[in-house]
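# Summary of the model geometry
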Amino acid sequence: MATSTNGTPSMFSRSNYTWMLIGAVVIALGMFLMSGGKSEDPHVFNRDAVYSTTRITIAPIIIFIGLAIEIYAIFKRSSPEKK
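Just so it is clear, the structure is predicted and the values come from calculations on it, not from any experiment.

## Comments concerning the overall build of the chain
If you tally the helices and strands in the chain, you get three helices and two strands. Mapped in sequence order, the helices and strands of the chain form the string β-β-α-α-α. Burial status across the chain gives 23% buried among its 83 residues. For the chain, contacts bridging at least 24 residues in sequence account for 67% of all contacts bridging at least 6. A total accessible area of about 6,800 Å² is found for the chain, and carbon and sulfur atoms account for 66% of it.

## What about the side chain of Asn16?
As for its position among the elements, Asn16 is in helix H1 (residues 14–34). For Asn16, a relative accessible area of 0% corresponds to the buried category. Aside from chain neighbours lying at most four places away, what touches Asn16 is Ala73, Ile74, Lys76 and Ser78.

## Some words on the environment of Phe32
Among the structural elements, Phe32 can be located in helix H1. A residue is classified by how much of its surface remains accessible, and Phe32, at 62% relative accessible area, is exposed. Residues Phe32 and Arg55 lie 23 residues apart in sequence; the distance between their C-alpha atoms is 9.4 Å.

## Let's talk about the environment of Phe75
Following the sequence through the fold, Phe75 ends up in helix H3 (residues 53–75). Taking the relative accessible area as the measure of exposure, Phe75 reaches 69% and is therefore exposed.

## Description of H1
Over its 21 residues, H1 runs 30 Å from end to end, which matches the ideal 30 Å to within 8%, given 1.5 Å per residue. Contact partners of the buried residues in H1: H3. Where H1 terminates, the next one or two residues include Gly36, which has phi positive at roughly 105°.

Criteria and cut-off values
Residues numbered from 1 in each chain as written. Predicted model: local features only at pLDDT ≥ 70, side-chain atom pairs only at ≥ 80, totals over all residues. Heavy atoms only, no water. Helix = DSSP H or I, 4+ residues; strand = E, 2+ residues; numbered from the N terminus. Buried < 20%, exposed > 50% of the residue type's maximum accessible area, 1.4 Å probe, protein only. Contact = heavy atoms within 4.5 Å. Areas by Shrake-Rupley, 256 points an atom, 1.4 Å probe, with all protein chains shown as cover. Expected span 1.5 Å × (residues − 1).

Right under this line is the structure:
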């Protein structure tokens, strides 16, 4: 377990926080890919923009990958630090 500056043990090490940041960025990328689909005319329904492969399939897969990275970051054991 990593120790903080005041000597108390910390639950996560620097590598855990790095993996958490990577997971958050991947989740944000998936959310960005899922957004959009605005139509020029609000009275016209653009089926291709709303039900595109990117928004329906790829973006949720990327979000699940980001969630898996977050789970890995939480359960990853920190290596003993060198003194």
